[in-house]
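So the chains spell out like this:
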Amino acid sequence: MNYITTEERHRAGQLIAAELPTRWFNILSCLPEPVAPPLDPEDGRPSRIETMRAIRLAALTRQDSTIEPWIDIPQPVLERYSSIGRPTPLYRARALETHLGTRAHIYLKREDLLPSGSFKLNSAIAQAYYAAEEGVANLVTETGAGQWGLSVAYAARMFGIGSTVYWVRLSEGQKKYRSAFARLLGADIIPSPSCRTEVGRTILERDPQNHGSLGTAIGEAIAHAQSHGDCRYISGSNLAHVLLHQSVIGLETRQQLNEIGVRPNILVACVGGGSNLGGFMGPFLPDKLLAPDSLRLIGAESAGSPRLTQGQWRYDHADPAGLTPLSKSYTLGRDYPLPASHVGGLRQHSGSPIIGVLRKAGLLEARAYEENEIFRIGKLCLELEGFLPAPESCHALKAAIEVAIEAKQTDCPQAIVACISGSGLLDLSGYIDVLGL
Ligand SMILES: *Cc1c(COP(=O)(O)O)cnc(C)c1O
């Protein structure tokens, strides 16, 4: 036979993913302490909790509050996961290991291979499915760098529903090909601030050239949902239901490692709102709790928004305009001046309360990296391994490289697994600017 066998591919490190999990894993079921409940600020304005509940999908609100460890993945979602290429490969970065001169083994979970170019599709598909189930005709959301907006456009199209995306104006201009891709899928893409909502009009009257911000885009998307009865508002990160859907990443990884008889020593992921980290590491958390010293968990954040390394543990709004309820996590404060950057996915003043609990309990280490060092890592990955990671994912790769170098000292080879959250192909403008191409 002129085919290579599974064993040969395993030895070469190009692991064939085993089966697709049929249940999501709920990280809320095994946290060392429960997440603090969301609160309404006492400012006399309408309840944020009630406002948000009215515009969200009922199934997702239920998922946010359950502590059941396993939730069945609906059959149509499984079929879609399969059609987009799940399980994604787990891949051994041998050229990188050789380049570093380390005995550590570096494995990469390749979420960059999904057709929208990022892991966000895993939750977008689930959310679009529940919308279709609840008879909702349209979904609305906001997006910064655009990976979430594109994933929503893609998933909504798959389930035959409409999508509207308020896209931070500056980034919509920088990432023309990503927004064009979303338009091609039939999404209504609206650079924010826009004339469609009161929030947007007020800003444009004062400053017609306004570049927009995530806070403004959230405000517009919420206002849009409130004024369109057939429309629900969805989010791509931070919330428990998003981490639940993303657990498909960690469940597959766990099974793939089992398949080749590898017990991971270190897991790394980049962290913005926390959904790729939570989904990737969640299914390993029971192992970590049983034997804390045998598994290290590391979150890699942007030095421009260093919440886990420098933030405070307290209640804050997750959005800069204070439209969402207060949640307890690590925060820089919602007035923190986040510098303009090409790593939009990590550019947040606070993040998931679940990630906050992991950090607070001493289960999650954190490291922060500067923008110019991470783009060089992306170039190195392309040269050695033949693919270009998203700038956000380069943070995870940078942390994996650091620990692989530190591991030169250790006697037994360490198994390091990094989550590659997305592809850099639609982020070439960042590579051009930072590396001066
Ligand atoms: C959105 C995004 C991130 C950060 O989001 P998390 O919720 O922290 O995972 C990281 N990488 C890519 C490619 C993204 O699109």
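Note that the structure is predicted; figures quoted are calculated from it, not measured.

Q: How should the site of the ligand be read in this particular structure?
A: Surrounding the ligand, one finds 18 residues, the nearest of these being K120, S237, G272, N276 and S421. Within the side chain of Q147, an N or O atom sits 3.4 Å from an oxygen atom of the ligand. S275 places a side-chain nitrogen or oxygen 2.7 Å from an oxygen atom of the ligand. Within the complex, 98% of the 380 Å² of free accessible area of the ligand lies under protein.

Q: How should the packing of aromatic side chains be read in this particular structure?
A: The description of two aromatic rings rests on the distance between their centres and on the angle between their planes. According to the stated counting rule, one finds 6 aromatic pairs in the structure shown. A centroid spacing of 6.0 Å and a plane angle of 65° characterise the contact between Y129 and F159, whose relative ring orientation is edge-to-face. Residue Y129 is located in helix α6 (residues 121-133), and its partner F159 is located in the loop between α7 (147-158) and β7 (162-168); the two are separated by 30 residues in the primary sequence. The positively charged end of R110 is found above the aromatic ring belonging to Y91, 5.3 Å away from the centroid.

Q: Just to check I follow, could you spell out helix α10 (residues 198-206) for this structure?
A: Since one α-helical turn is 3.6 residues long, residues separated by three or four positions face the same way. Buried residues of α10: G200, I203 and L204, and no others. All buried residues of α10 lie within an arc of 95° about the axis, which places them on one face of the element. Exposed side chains of α10 directed beyond 90 degrees from the buried face belong to E198, E205 and R206. Among the structural elements, α11 (214-227) are those in contact with the buried residues of α10.

Conventions adopted
Residues numbered from 1 in each chain as written. Predicted model: local features only at pLDDT ≥ 70, side-chain atom pairs only at ≥ 80, totals over all residues. Heavy atoms only, no water. Near = heavy atom within 4 Å. Polar contact = N/O pair within 3.5 Å; in protein donor to acceptor, adjacent residues only side chain to side chain. Areas by Shrake-Rupley, 256 points an atom, 1.4 Å probe, with all protein chains shown as cover. Phe/Tyr/Trp six-rings, centres within 6.5 Å; stacked < 30°, edge-to-face > 60°. Helix = DSSP H or I, 4+ residues; strand = E, 2+ residues; numbered from the N terminus. Lys NZ or Arg CZ within 6 Å of the ring centre and 35° of its normal. Buried < 20%, exposed > 50% of the residue type's maximum accessible area, 1.4 Å probe, protein only. Arc of directions from axis to C-beta. Contact = heavy atoms within 4.5 Å.

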